[in-house]
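The primary structure of each chain is shown beneath.
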Amino acid sequence: MPNDSALDLLQGTLDLLALKAVSLGPLHGYGVLLRIQQLSRNRLEIQQGSLYPALYRLEHEGWIAGEWGQSENNRRARFYRLTAAGRRRLEAEEKKWHEFAGVVGNILKAVPEEL
């Protein structure tokens, strides 16, 4: 259950966040979820029902590669790593995100006197 200070995830950002999480080192699916929560200082709460289809989609696109292994609690888990194509995609998406955030930031700074 999300807390009051949790932010809603903007549509289309889950892939970017998952790519970033995996770029920091191989992770199993639940580890991706935990890494995103950690990096957001628990401000984002990703639902497993949203994350696993995103991981499948990223793997299908060739941006991450998965292989089966043992998790830290000795369960069978799929571990994901970023591919070269995924690194290029992450760089492109980060650039687009920063440009978008800059544009929105400029709009939010607007005051009537500047119109």
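Above this note sits the structure.
Residues numbered from 1 in each chain as written. Predicted model: local features only at pLDDT ≥ 70, side-chain atom pairs only at ≥ 80, totals over all residues. Heavy atoms only, no water.

In this structure, Leu19, Val32, Leu51, Leu55 and Ile64 are the most contacted members of the largest nonpolar core, which totals 21 residues. Only helix 1 (14-23), helix 2 (29-39), helix 3 (48-61) and strand 3 (76-82) provide two or more residues apiece to this core. Among the elements that take part in this core, helix 1 stands out by supplying 6 residues, more than any other. Ignoring any residue separated from it by four or fewer positions in sequence, one finds Leu19 in contact with Leu58, Trp63, Ile64, Leu82, Arg89 and Leu90. (Core = buried A, V, L, I, M, F, W, Y, C linked by side-chain atoms within 4.5 Å. Buried < 20%, exposed > 50% of the residue type's maximum accessible area, 1.4 Å probe, protein only. Helix = DSSP H or I, 4+ residues; strand = E, 2+ residues; numbered from the N terminus. Contact = heavy atoms within 4.5 Å.)

This part covers the side chain of Thr83. Residue placement: Thr83 occurs in the loop between strand 3 and helix 4 (84-109). You can call Thr83 buried: its relative accessible area is 16%. At a separation of 2.6 Å, a polar atom in the side chain of Thr83 contacts the main-chain carbonyl oxygen of Gly62. At a separation of 3.0 Å, a polar atom in the side chain of Thr83 contacts the main-chain amide nitrogen of Gly86. Those residues in contact with Thr83, other than ones at most four positions away along the chain, are Gly62, Trp63, Ile64 and Ala65. (Polar contact = N/O pair within 3.5 Å; in protein donor to acceptor, adjacent residues only side chain to side chain.)

This part covers unusual backbone geometry. Of note, Arg41 is a non-glycine position whose phi angle comes to about 55°, a positive value. Structurally, Arg41 can be placed in the loop between helix 2 and helix 3. The phi dihedral of Asn42 falls on the positive side, at around 65°, and the residue is not glycine. Checked against the element boundaries, Asn42 lands in the loop between helix 2 and helix 3. You can call Asn42 exposed: its relative accessible area is 51%.

What follows concerns the pattern of salt bridges. Tallying each qualifying case throughout the model produces 5 salt bridges. Put simply, Lys20 and Glu94 hold a salt bridge, and the shortest N to O gap is 3.8 Å. In this pair, Lys20 is assigned in helix 1 and Glu94 in helix 4, connecting sequence segments 74 residues apart. A relative accessible area of 26% places Glu94 in the partly exposed class. The partner of Glu59 in a salt bridge is Arg78, with the nearest N and O atoms 2.6 Å apart. Of this pair, Glu59 sits in helix 3 while Arg78 sits in strand 3, placing them 19 residues apart in sequence. Connected via shared salt-bridge partners are Arg89, Glu93 and Lys96. (Salt bridge = Lys/Arg side-chain N within 4 Å of Asp/Glu carboxyl O.)

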